[in-house]
Amino acid sequence: MEENMWKNIFENEILDQGINNVWSFCVDENLRVQMGYLQYKQYTYGSFQCSSCKRWWNSAQVHIMFLIRSEPTSRRGTVKMKIYRQRCRRCNTSIFQKPEISRENIKRVISNLVSKIQSMVYGRRNTNPPLMPENYSADVDGPHEKKHCEACQMQVCPWNTEHGEKTKVDNHQPLASTRIQQQTKKISSYTNVLHRPTAAVHQSSDIESAIILIVLLIVLGLMLILGFSKQ
């Protein structure tokens, strides 16, 4: 039933955003990155329940992957989706559990997906920022250690959580900023190095000019003295 909800919301959003081509949508639990498909990842808010101890937990990092493929000749497109699961950290024998995602957050994820299709497939610029998931609880302790995250196990999760600490590694903006700062420092250091020889050359040139002037004055003075002595 949940898959039908995703499909229905996707089909409605395709119509709402004015895409005339026929697009199909399916959930693939065994989804892997494939050649010929565009890749798009999102995160949303969801809840999990352990099938062993019945414990509930919330996570603001429910990882979702979409593979998108367009067939221009047939005016069709395909979207495959996988929602990655999490495992209870309190149970040694727990299995990966599927999240429960609200209808509102499904709509937001699908809206972002179709907007991405607009830009990636049809080249239509979207000036609206992606919709953020709606969090229903401040109590977010969803396990994201590597051994409890299916996406980490499959090496597609951009979070590194050694020792139980979350460290986002796909934050391109801070990384880009850091790289720019590093490059700026390098350029500054290179500039300083280049300026130093230039300044030295100017200083050396000034000294040589002064020496030549002094020598000329001495020679001129000697010539004057010799001239007066002959007279």
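A few points on the structure. (Residues numbered from 1 in each chain as written. Predicted model: local features only at pLDDT ≥ 70, side-chain atom pairs only at ≥ 80, totals over all residues. Heavy atoms only, no water.)

Right, let's talk about the overall build of the chain for a bit. Check the secondary structure of the chain and you find four helices and six strands. Within the chain, the proportion of its 231 residues that are buried is 32%. Taking the contacts inside the chain whose residues are at least 6 apart along the sequence as the reference set, 66% of them involve residues at least 24 apart. Only carbon and sulfur atoms are counted for the fraction: they give 54% of the accessible area of the chain, which is about 15400 Å². (Helix = DSSP H or I, 4+ residues; strand = E, 2+ residues; numbered from the N terminus. Buried < 20%, exposed > 50% of the residue type's maximum accessible area, 1.4 Å probe, protein only. Contact = heavy atoms within 4.5 Å. Areas by Shrake-Rupley, 256 points an atom, 1.4 Å probe, with all protein chains shown as cover.)

This next bit is on the sheet that holds strand 1 (residues 22–27). The strands making up a sheet associate through hydrogen bonds between their backbones, and the pairing can be parallel or antiparallel. Taken in spatial order, the four strands of this open sheet run 1-4-3-2, and their pairing is mixed. Each edge of the open sheet is held by one strand with a lone partner, namely strand 1 and strand 2 (38–49). Between one strand axis and the next, the sheet turns through 25° on average, direction left out of account. Pairing between strand 3 (residues 56–71) and strand 4 (residues 76–83): eight bridges, direction antiparallel. Looking at strand 4, one finds that Ser-70 is bridged to Gly-77. Set on the sheet, helix 1 (residues 2–16) makes contact with strand 1, strand 3 and strand 4; between it and strand 1 the angle comes to about 160°. (Pairing = 2+ DSSP bridges. Axes fitted to C-alpha atoms, helices over the stretch in contact; angles between N-to-C directions.)

Side chains that are nonpolar tend, in soluble globular proteins, to be buried together. One finds Trp-6, Phe-10, Phe-25, Phe-66, Val-79, Ile-110 and Leu-113 to be the most contacted residues of the largest nonpolar core, which totals 27 residues. Put simply, the parts of the chain that give this core at least two residues each are helix 1, strand 1, strand 2, strand 3, strand 4 and helix 2 (103–120). When residues in this core are grouped by element, the largest group, six residues, is from helix 2. (Core = buried A, V, L, I, M, F, W, Y, C linked by side-chain atoms within 4.5 Å.)

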